[in-house]
Amino acid sequence: MSRETSILVVGSVAYDTVETPFGKAEQVLGGSASFFSVAASFFAPVNLVGVVGDDFGDKELAAFKGRPIDVAGLERAAGKTFHWQGKYSYDLNSRDTIRTDLNVFEHFKPRIPESYRRSGLVFLGNIDPALQRSVLDQVQKPRLVACDTMNFWISGRLEELKKTLERVDILLINDAEARQLSGEWNIVKAARVIRAMGPSILVIKKGEHGVLMFSEHGSFAAPAYPLESVFDPTGAGDTFAGGFIGYLAGAADESDDVLRRAVIMGSTLASFCVEAFSLDRLVALTRAEIDERFRLFKKLTHFESL
Ligand code: AMP
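Residues numbered from 1 in each chain as written. Predicted model: local features only at pLDDT ≥ 70, side-chain atom pairs only at ≥ 80, totals over all residues. Heavy atoms only, no water.

Student: Even after reading the chapter, I still don't get the layout of surface pockets, so can you show me in this structure?
Tutor: Taking a probe equal in size to a water molecule and rolling it over the atoms shows the remaining empty space. Considering only enclosed or pocket space, the second largest pocket measures out at about 290 Å³ in volume. Along the wall of the second largest pocket there are 13 residues; nearest its centre are Phe 220, Arg 260, Ile 264, Lys 298 and Thr 301. The residue makeup of the lining of the second largest pocket, split by class, is seven nonpolar, two polar and four charged. (1 Å grid on protein atoms, 1.4 Å probe; cavity = no way out; pocket = protein on both sides within 12 Å on 5 of 7 lines; lining within 4 Å. Points joined across faces, edges and corners; volume = space filled by probe spheres on them. Nonpolar A, V, L, I, M, F, W, Y, C, P; charged D, E, K, R; others polar.)

Here's what the structure looks like:
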């Protein structure tokens, strides 16, 4: 029997206003599901579930057109689209949220279209953990369930989140979230505690310091690709997830080699995301550019043993 390669993603589709030391972008396309979908669509068909308001235009939808991204599950509700505004520090390593206008996202209840229910992989973007579980309740058991979350849910809805994690195979979070979720400062101990909660694969994102993956095969570390011009880090985490899960969707298994290549593919896609505001670089990206940077990544990290 052939493996089902389509990926169901649930998350925010947004208008972002972003200020970095290099400029400002106002009311541009953002949201975790947007970055994830475009990145993953290079490797596998994507089934997008989210909500937008009646202000969401064809210009924004164009980012999803001409790619294997099904938007039948992108609901349109009366009101305004979710809006997030953030401002980055000079070194781009930290950001302040200036405002979050939930708008139509406040009452979002993911409804999974019939045609999506047999998706082989599911990516649960950063939403209420109870809603994440409601997504799993509406689909046939997928091959892999991946999940993102944030400090807001770890501190406010820990018990709900733990129930969700029991049904998750892959958790992608940053190092501060891993410490908060586990109660352990040491990242290796934190990984052990979190993996005991359910996810057998844990990917810890560390921004410009790269990624650490823990699985039954042991651990794997990848740097971020060294870039001369980093313009806007917004969406890098979701883009990483899109490249990582997208690569796994098309792979024959989840062996250690496959997981390592998936981490590098996620890092490759994320390195393009940060080169421009919004999804501007991702929508202009070609498969040949991806393959070339993936190859450079191998060169970057390769060394001969003694
Ligand atoms: P990242 O930089 O990977 O953390 O993702 C940033 C994206 O997440 C932006 O495009 C925002 O629109 C979106 N975002 C910010 N805050 C939230 C939130 N509370 N819930 C869902 N999405 C959010």
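Student: Can you walk me through the packing of helix 6 (residues 175–182) against helix 7 (residues 187–195) in this structure?
Tutor: When two helices pack together, you describe them by how their axes are tilted relative to each other and by the distance separating the axes. Where helix 6 contacts helix 7, the axes come no closer than 9 Å and their chain directions differ by 60°. It follows that helix 6 is oblique to helix 7 by the angle criterion. The interaxial crossing formed by helix 6 with helix 7 has left-handed handedness. Contacts between helix 6 and helix 7 pair Asp 175, Ala 178, Arg 179, Leu 181 and Ser 182 from the former with Ile 187, Ala 190, Val 193 and Ile 194 from the latter. Looking at the contact of helix 6 with helix 7, its residues break down into six nonpolar, one polar and two charged. (Axes fitted to C-alpha atoms, helices over the stretch in contact; angles between N-to-C directions. Helix = DSSP H or I, 4+ residues; strand = E, 2+ residues; numbered from the N terminus. Parallel < 35°, antiparallel > 145°, perpendicular 65-115°, else oblique. Left-handed = near helix turned anticlockwise from the far one by under 90°. Contact = heavy atoms within 4.5 Å.)

Student: Please clarify how helix 8 (residues 236–250) should be interpreted in this entry.
Tutor: Because each turn of an α-helix spans 3.6 residues, side chains separated by three or four positions in sequence point in the same direction. If you check helix 8, its first and last C-alpha atoms are 21 Å apart, about what 15 residues at 1.5 Å a residue would give, namely 21 Å. Summarising burial for helix 8: twelve of the 15 residues are buried, a large majority. Those residues of helix 8 lying buried are Ala 236, Asp 238, Thr 239, Phe 240, Ala 241, Gly 242, Gly 243, Phe 244, Ile 245, Gly 246, Leu 248 and Ala 249. (Expected span 1.5 Å × (residues − 1). Buried < 20%, exposed > 50% of the residue type's maximum accessible area, 1.4 Å probe, protein only.)

Student: Explain the site of the ligand to me, please; I cannot follow it from the model alone.
Tutor: As a matter of local geometry, the ligand sits amid 16 residues, with Ser 12, Asp 16, Gly 31, Gly 235 and Asp 238 nearest to it. Within the side chain of Asp 16, an N or O atom sits 2.5 Å from an oxygen atom of the ligand. For the ligand, whose accessible area on its own is 510 Å², the fraction buried by protein is 83%. Mapped onto the shell around the ligand, the elements with two or more residues apiece are strand 2 (14–20) and helix 8. Tallying contributions element by element places helix 8 first for the shell around the ligand, with three residues. (Near = heavy atom within 4 Å. Polar contact = N/O pair within 3.5 Å; in protein donor to acceptor, adjacent residues only side chain to side chain. Areas by Shrake-Rupley, 256 points an atom, 1.4 Å probe, with all protein chains shown as cover.)

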